Amino acid sequence: MSLLAQTTWWLPPDFSEHGWQIDRLINWLHYFMAVLFVGWGVFLAYCMTRFTWKRVSMAHYTPVKAKASKVIEVAVIIFEVILLVVFSMPVLAKYKNEPPTPADNPFEVHVVAQQFAWNIHYPGPDGIFGKRDIKFVKDATNPIGLDRDGDPNAKDDIVSNNQMPLPAGRHIIVKVTSKDVIHSFNIPMLRVKQDAVPGIEIPVWFKVKEGTTSDAIREQMARTVVVPAAGESTTAYELWCRNNLTFDEVKGADGQVVLKKGAEPGKDHLEALRAAGVKELRVGPRDPVEIHCTQLCGLTHYKMRGQVLIQSQADFDKWYEEKAKGTGDFIED
Ligand SMILES: [Cu+2]
């Protein structure tokens, strides 16, 4: 299936190595449910016309003895067992019982969910997670209660708010927990979903497909936006440009840059774009890979979103070192 088809009405595109197995199960379930839906619909229509009060005035109280219905029921059970045993259980077992080994060189990160944000905890360059304790929690400065003063391992730890940079091409282990209520850590594009439960740390692991970075995904999801002429409605232009970044640099007649590469085009750029004779812009989503909370966890649950930034190992290392230097600083949302 092409990416376009996936992004328009079917599942979001999948950039994980294991995701195709989940998609296969979801697809089979949908085909199967479609058959059942049509079958039951036809049966219902048949009953409504065949057993009207005019044609059948009395109800029968003896069970129906029809061979066809028995055969169909058994077939449905067999198919459901196949879905469960052949497609579902092996995937679940593999991803619950076979974590990446040290030889796979996994990258581990902790996620502490709260109403209504994702706190991402990195161990820092020493690779050891500092201790967390509820007594150190301060919402504004220390949302996960990291023991910065008491535990030397915590000194270089990095805590990020809703931003989750990850190195591409590595096995990733995420240990998920929650500070308050039950949340659900979901990255649809990486087919990752795990409940975040207070008091327990639940691991989940995945690997982003080889060669996939957020930049590459943005490029794949690019679309062309028409620049409206003067007097035309700008609604569509504004909608499509919101939270999108442009791939091209636009220069005016005097050689001045009117729209930077990687900037979000907006209403303010319109006049300059028109003057530069630009009819169309290629844009892609600013944060194509998002974290969603998929457990209704309170009033502003809908706002509980994070951004996964998949970077090359080199870019990630640069970010990591930079952030580790500023111990105690949090990345702004
Ligand atoms: Cu939530």
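Residues numbered from 1 in each chain as written. Predicted model: local features only at pLDDT ≥ 70, side-chain atom pairs only at ≥ 80, totals over all residues.

Draft legend 1. Broad picture of the overall build of the protein chain. Scanning the protein chain from N- to C-terminus turns up 7 helices and 16 strands. Taken over the C-alpha trace, the protein chain has a radius of gyration of 26 Å; the compact-globule value for 333 residues is 20 Å, which it surpasses by more than 25%. Expressed as lengths along the three principal axes of its C-alpha atoms, the size of the protein chain is roughly 80 × 60 × 40 Å. Relative to its 333 residues, the protein chain shows a buried fraction of 24%. (Helix = DSSP H or I, 4+ residues; strand = E, 2+ residues; numbered from the N terminus. Rg over C-alpha atoms; globule rule 2.2 N^0.38 Å. Buried ≥ 20, exposed ≤ 12 C-beta atoms within 10 Å, placed from the backbone.)

Draft legend 2. Seen up close, the nonpolar core. Residues Val-111, Ile-187, Leu-190, Val-289 and Val-308 are the most contacted members of the largest nonpolar core, which totals 37 residues. Every residue in contact with Val-308, bar those within four places of it in the chain, is listed here: Met-164, Leu-166, Ile-187, Val-289, Glu-290 and Ile-291. Counting 10 residues, the second largest nonpolar core, distinct from the first, contains Val-227, Leu-259, Leu-273 and Val-283. (Core = buried A, V, L, I, M, F, W, Y, C linked by C-beta atoms within 7 Å. Contact = placed C-beta atoms within 7 Å.)

Draft legend 3. View of the packing of helix H2 (residues 19–50) against helix H3 (residues 67–97). Viewed as axis vectors pointing N to C, H2 and H3 meet at an angle of 165°, and their least axial separation amounts to 10 Å. Between H2 and H3, the interaxial angle falls into the category roughly antiparallel. Taken as a pair, H2 and H3 cross one another with a handedness that is left-handed. Note on element contacts: H3 touches H2 through Phe-79, Leu-83, Phe-87, Ser-88 and Val-91, opposite Gln-21, Ile-22, Arg-24, Leu-25, Trp-28, Leu-29 and Phe-32. Partitioning the contact of H2 with H3 into residue classes produces 9 nonpolar, 2 polar and 1 charged. (Axes fitted to C-alpha atoms, helices over the stretch in contact; angles between N-to-C directions. Parallel < 35°, antiparallel > 145°, perpendicular 65-115°, else oblique. Left-handed = near helix turned anticlockwise from the far one by under 90°. Nonpolar A, V, L, I, M, F, W, Y, C, P; charged D, E, K, R; others polar.)

Draft legend 4. Just the pairing of strand S5 (residues 171–178), in detail. Pairing between strand S1 (residues 107–114) and S5: 7 bridges, direction parallel. Residue pairing across strands places His-110 opposite Lys-175, the latter belonging to S5. Summarising the sheet, S5 and strand S8 (residues 202–207) pair through 6 bridges and their orientation is antiparallel. Of the residues in S8, the one forming a bridge with Lys-175 is Pro-203. (Pairing = 2+ DSSP bridges.)

Draft legend 5. The domain arrangement of the protein chain, seen in detail. With domains assigned, the protein chain is organised as domain 1 (3–97), domain 2 (102–208 + 299–331) and domain 3 (222–285). Here the C-alpha centroids of domain 1 and domain 3 sit 46 Å apart. (Domains from an automatic or database assignment.)

Draft legend 6. Region of the structure containing the sheet that holds strand S10 (residues 244–246). Taken in spatial order, the 3 strands of this open sheet run S9-S13-S10, and their pairing is antiparallel. Edge positions in the sheet fall to strand S9 (223–226) and S10, since each of these pairs with one other strand and no more. Within this sheet the neighbouring strands show an average axis-to-axis angle of 45°, counted without direction. Across 4 bridges, S9 lies against strand S13 (residues 280–285) in antiparallel orientation. Directly across from Val-225, in S13, lies its bridge partner Leu-281.

Draft legend 7. Inspection of the confidence of the model for the protein chain at higher detail. Confidence in the prediction for the protein chain averages 87 pLDDT; 95% of positions are at 70 or higher. When pLDDT is averaged over each helix and strand of the protein chain, the minimum, 47, is found for helix H1 (residues 3–8) and the maximum, 96, for strand S6 (residues 183–187). (pLDDT = per-residue confidence, 0-100.)

Draft legend 8. Highlighting the sheet that holds strand S7 (residues 192–196). Spatially, S4-S15-S14-S6-S7 is the arrangement adopted by the 5 strands of the open sheet, whose pairing is mixed. Every interior strand has two partners, whereas the edge strands, strand S4 (163–167) and S7, have only one. Between one strand axis and the next, the sheet turns through 25° on average, direction left out of account. Bridging between S4 and strand S15 (residues 305–311) involves 5 bridges; their strand directions are parallel. Looking at S15, one finds that Gln-163 is bridged to Gln-307. Across the sheet, helix H7 (residues 313–325) lies against S4 and S15, angled at about 130° from S4, the strand it touches most.

Draft legend 9. Main features of H3. Along its 31 residues, H3 runs 43 Å from first to last C-alpha, staying within 8% of the 45 Å computed at 1.5 Å per residue. The buried count for H3 comes to 0 of 31 residues, which makes it a mostly uncovered element. (Expected span 1.5 Å × (residues − 1).)

Draft legend 10. Structural context of the pairing of S13. As defined by bridge partners, S10 adjoins S13 across 3 bridges and the pair is classed as antiparallel. Directly across from Asn-244, in S13, lies its bridge partner Pro-285.

Draft legend 11. Just the environment of Thr-294, in detail. Positionally, Thr-294 belongs in the loop between strand S14 (290–293) and S15. Put simply, Thr-294 and Arg-305 are 11 residues apart on the chain and 10.0 Å apart in space, counted from C-alpha to C-alpha.

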